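Fold and geometry: a report
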Amino acid sequence: MSKMQMLFFAVGIGVVAFLFLNFVTSIGLQKNADALIVSNLKIISDQTNSDLLCSFKQTSIPDKLVHGVGSAPFFYDLEFVTQEVLTGDSFNPPVNTLILRLIEHKASKDSSKINVVSARSITSEAEFILIDPSFLADLTPLNESTYKVPTISLYPRAASTQGTAAAPNGFVVLKEVVNGRKFVYIIPCASEKEPNNCLMNVFRVGCYKLKQKPDKTSDTLIDSCFNIILPSTDSSLKTKNYTWKDCVTMFPAIAS
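Description of the structure in this document. Keep in mind that what you see is a predicted model, and the values were worked out from it rather than measured. (Residues numbered from 1 in each chain as written. Predicted model: local features only at pLDDT ≥ 70, side-chain atom pairs only at ≥ 80, totals over all residues. Heavy atoms only, no water.)

Quick notes on the state of the cysteines
Summed over all chains, the structure comprises 3 disulfides. Note on cysteine connectivity: C189 is disulfide-linked to C198, with sulfurs 2.0 Å apart. Here the disulfide of C189 and C198 is right-handed, its torsion about the S-S bond being about 75 degrees. Using a relative accessible area of 1% as the deciding quantity, one classes C189 as buried. We classify C198 as buried; its relative accessible area is 1%. The disulfide partner of C207 is C247, and the gap between their sulfur atoms is 2.1 Å. (Disulfide = S-S within 2.5 Å. Buried < 20%, exposed > 50% of the residue type's maximum accessible area, 1.4 Å probe, protein only.)

As C-alpha cells, then:
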C-alpha cells in the first residue's frame, strides 16, 4: 500500500470514527432529553390525577444535559405550552393539553432555528395555568401579562450562573379543585439559591388570586390550597391562616 493510499485509509477511518461518535452522542442526548421530559411530565400527571382537592409537588431541573464522554454540556430551555383541544359547554368540561418541550438554548430567538430535542404532552379536563417566570423578579407584581399565560420557558443554566431567584431552575405543580373543576398551576421557582423560594412563590400566587376578589377585607383568607407552611424568621416552619393583610405585608408590590 502506497503512502497516499495509507493516508486516504487513515482519513477514512477518522471520518468513520467521527461520524460514529456523533451518532452515539446524538442518541445519548435524545435519551437524556426524553428521560427529563418524561419524568417531569409524570410529576404533573400525578398531581393532576390525584384524588386530593389540593395537591402540591415541587421539583428542580438540571442546568445542563451531559450526553457523551468528552462531549460539551448541552444547555437547554424547558418550555411549557397550553392548548385547548375541545371547548367546554354546560354539559361537558373543556379538554386541555399541556405540552413540554426541551429546546436547545440559543441566544437567537428566531423561531425558524429552534432545535426541539424532545417533546411530550398530556391531555386533561383540568385547566393548566402557567405563571410567567418574570414575576420572580423583586417587587414585580403578578398581573394579566404574567398570570395564566399560554407558554413559559425555563432556562435553568441561568440560575447557576446568575445566582438569583429571578432565574428559575425548577417549578411547582399545584392542583386546586374548585366547585368540581380542576386547576393545575405551573409556578416557576429557584430552589437552588433560595431554598424557600418555591413556597413563597406559591403563597404569592395565592395572594394574587385573592387580590381579584372585590369583596375581600384585611382578614380574608387566601385560598386553602395556597395557604401553605411558610418559613418563619428563625428558619423554622410555621402554619398560619394567611390573610390579605399578610399578603400586603409580605409582598407590597402585589397591592399596586
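Right, picking up where we left off after that structure.
A look at helix α3 (residues 197-211)
With 15 residues, α3 should cover 21 Å at 1.5 Å per step; its first-to-last C-alpha distance of 21 Å lies within 8% of that length. When you tally the buried positions in α3, you get 13 out of 15 residues, the bulk of the element. (Helix = DSSP H or I, 4+ residues; strand = E, 2+ residues; numbered from the N terminus. Expected span 1.5 Å × (residues − 1).)

What about the pairing of strand β8 (residues 170-178)?
Of all 9 residues in β8, 7 are buried; the element is thus mostly enclosed. In this sheet, β8 lies alongside strand β1 (residues 54-60) in antiparallel orientation, the contact comprising 7 bridges. Residue pairing for β8: K57 is matched across the bridge by V173. Sheet topology note: the β8/strand β9 (residues 181-189) ladder contains 9 bridges and is antiparallel. Paired with V173 across the strands is I186, a residue of β9. The hairpin formed by β8 and β9 contains 2 residues between the paired strands, and N179 there has a positive phi angle of roughly 50 degrees. (Pairing = 2+ DSSP bridges.)

Here's the deal with the sheet that holds β8
Spatial ordering of the open sheet is given by β1-β8-β9-β5-β6, a layout of 5 strands whose pairing is mixed. What marks the edges here is a single partner per strand, and that holds for β1 and β6 (147-149). Pairwise comparison of adjacent strand axes, ignoring direction, gives a mean angle of 30 degrees for this sheet. Sheet contacts for α3: β1, β5 (127-131), β6, β8 and β9; angle to β9, the most-contacted strand, approximately 130 degrees. (Axes fitted to C-alpha atoms, helices over the stretch in contact; angles between N-to-C directions. Contact = heavy atoms within 4.5 Å.)

Looking at the side chain of S118
Secondary-structure assignment places S118 in strand β4 (residues 116-124). Here D34 takes part through its side chain, which lies 2.6 Å from a polar atom of the side chain of S118. (Polar contact = N/O pair within 3.5 Å; in protein donor to acceptor, adjacent residues only side chain to side chain.)

Considerations on the sheet that holds strand β7 (residues 151-154)
Spatially, 4 strands are ordered β4-β3-β2-β7 in an open sheet, and the strand pairing comes out antiparallel. Looking at strand neighbours, the two that pair on one side only are β4 and β7, the edges of this open sheet. Direction aside, neighbouring strands of the sheet carry axes that sit 15 degrees apart on average. The pairing of strand β3 (residues 95-104) with β4 spans 8 bridges and is classified as antiparallel. Paired with N96 across the bridge in β4 is S124.

Side note on the environment of E84
Structurally, E84 is set in strand β2 (residues 76-86). As for E84 and V95, which are separated by 11 residues in sequence, their C-alpha atoms are 6.1 Å apart. When neighbours within four sequence positions are excluded, E84 is seen to be in contact with P94, V95 and N96.

Notes on the pattern of salt bridges
By the definition in use, this model includes 10 salt bridges. A salt bridge links K64 to D63; the nearest nitrogen and oxygen atoms lie 3.5 Å apart. For D63, a relative accessible area of 17% translates into the label buried. For the salt bridge of E176 with K209, the shortest nitrogen-to-oxygen distance reads 3.2 Å. Placement of E176 in strand β8 and of K209 in helix α3 is noted, with a sequence separation of 33 residues between them. (Salt bridge = Lys/Arg side-chain N within 4 Å of Asp/Glu carboxyl O.)

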